[in-house]
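One-letter residues, chain by chain:
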Amino acid sequence: MQSQYLNNDLPLCRDLGFDFTFALLKGMANYYCPYKLHSIERKSDAIDVIRSWAERTQTGDLSELRPEDLIYIQSLDIRADNDECLRRKCPFFERCPYFRAQEKAFNSDVIIINHYYFLAHAKILLTSDGDSFMLLPPVSNILFDEAHTLKEIARKFFAYSFTEKHLMNTAAFLSKRLSRPDTAEDLRRNAHRLFEAL
């Protein structure tokens, strides 16, 4: 539905004489991270294809890639990630597809997002001290497509689950990004013990 609004419905409204701007904004993981892509040192044809695409893309939206390239993206770990993002401290911040898309959206009259993006924004509003990074600008009207599904999606979104995988991902982050292999290994070992005991 997002592509229908973006490519059909909203342009039609403009053609009918309504003067407004609009933009599509997806969650961060839908975009590639230039910092992560730059950090990949190994060479391969697949990496060259993705680097070439990254130089040409106007959006950085990973859905532009072919399905076989998307499978390779998983192993490369180049998706933008909220937990690992350096934000303005990143040397590639000005080129970051997610933050460019967000800036465009913040300056648009209409922003096309999905339920999950709106709920992530709502969660920040509900839990922040007012100093947090906002996902959306202040809005006066919201139109939900498929609104009958919002209640169930919100219930799942605001529920909390804690899994061994969460701890393993944290351990991998500590080991890779913060150069703390000792702490990471302790966390891995204790996570495994914890979940075995449950």
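Residues numbered from 1 in each chain as written. Predicted model: local features only at pLDDT ≥ 70, side-chain atom pairs only at ≥ 80, totals over all residues. Heavy atoms only, no water.

Draft legend 1. Highlighting the packing of aromatic side chains. According to the stated counting rule, one finds seven aromatic pairs in the structure shown. A ring pair is formed by Tyr98 and Phe99, whose centres lie 5.1 Å apart and whose planes are at 75°; its orientation type is edge-to-face. Each member of the pair, Tyr98 together with Phe99, is buried. Within the aromatic cluster, the residues linked to one another by ring pairs are Tyr31, Phe93, Tyr98 and Phe99. (Phe/Tyr/Trp six-rings, centres within 6.5 Å; stacked < 30°, edge-to-face > 60°. Buried < 20%, exposed > 50% of the residue type's maximum accessible area, 1.4 Å probe, protein only.)

Draft legend 2. Molecular detail of the pattern of salt bridges. With the rule as written, the count across this model stands at four salt bridges. Between Asp77 and Lys36 there is a salt bridge, and its shortest N-O distance comes to 3.5 Å. Of this pair, Asp77 sits in the loop between helix H4 (67–76) and helix H5 (97–106) while Lys36 sits in helix H2 (residues 34–39), and the two are 41 residues apart along the sequence. You can call Asp77 partly exposed: its relative accessible area is 29%. For Lys36, a relative accessible area of 8% translates into the label buried. Taking the shortest distance from any N to any O, the salt bridge between Glu152 and Arg155 comes out at 2.6 Å. (Salt bridge = Lys/Arg side-chain N within 4 Å of Asp/Glu carboxyl O. Helix = DSSP H or I, 4+ residues; strand = E, 2+ residues; numbered from the N terminus.)

Draft legend 3. The packing of helix H6 (residues 115–127) against helix H7 (residues 150–158), seen in detail. The interhelical angle for the contact between H6 and H7, taken along N-to-C directions, is 50°, at an axis separation of 10 Å. As far as their axial angle goes, H7 and H6 are oblique. H6 and H7 meet at a crossing whose hand is right-handed. Counting all contacts with H6, which are made through His115, Tyr116, Leu119, Ala120, Ala122, Lys123 and Leu126, the residues of H7 involved are Leu150, Ile153, Ala154, Phe157 and Phe158. Split by residue class, the contact of H6 with H7 holds ten nonpolar, one polar and one charged. (Axes fitted to C-alpha atoms, helices over the stretch in contact; angles between N-to-C directions. Parallel < 35°, antiparallel > 145°, perpendicular 65-115°, else oblique. Left-handed = near helix turned anticlockwise from the far one by under 90°. Contact = heavy atoms within 4.5 Å. Nonpolar A, V, L, I, M, F, W, Y, C, P; charged D, E, K, R; others polar.)

Draft legend 4. Geometry of a nonpolar patch on the surface. Judged by side-chain polarity, Tyr160, Phe162, Leu194 and Leu198 come together as a nonpolar surface patch covering roughly 510 Å² of accessible area. Secondary-structure assignment places Leu198 in the segment after helix H9 (181–197). (Patch = residues over 30% accessible without salt bridge, like charges linked within 9 Å, V, L, I, M, F, W, Y side chains within 5 Å. Areas by Shrake-Rupley, 256 points an atom, 1.4 Å probe, with all protein chains shown as cover.)

Draft legend 5. Geometry of the state of the cysteines. Enumeration according to the criterion identifies zero disulfides in this entry. Distance from the sulfur of Cys85, which forms no disulfide, to the nearest cysteine sulfur (Cys96) is 6.0 Å. Looking at Cys85, the relative accessible area reads 25%, which means it is partly exposed. (Disulfide = S-S within 2.5 Å.)

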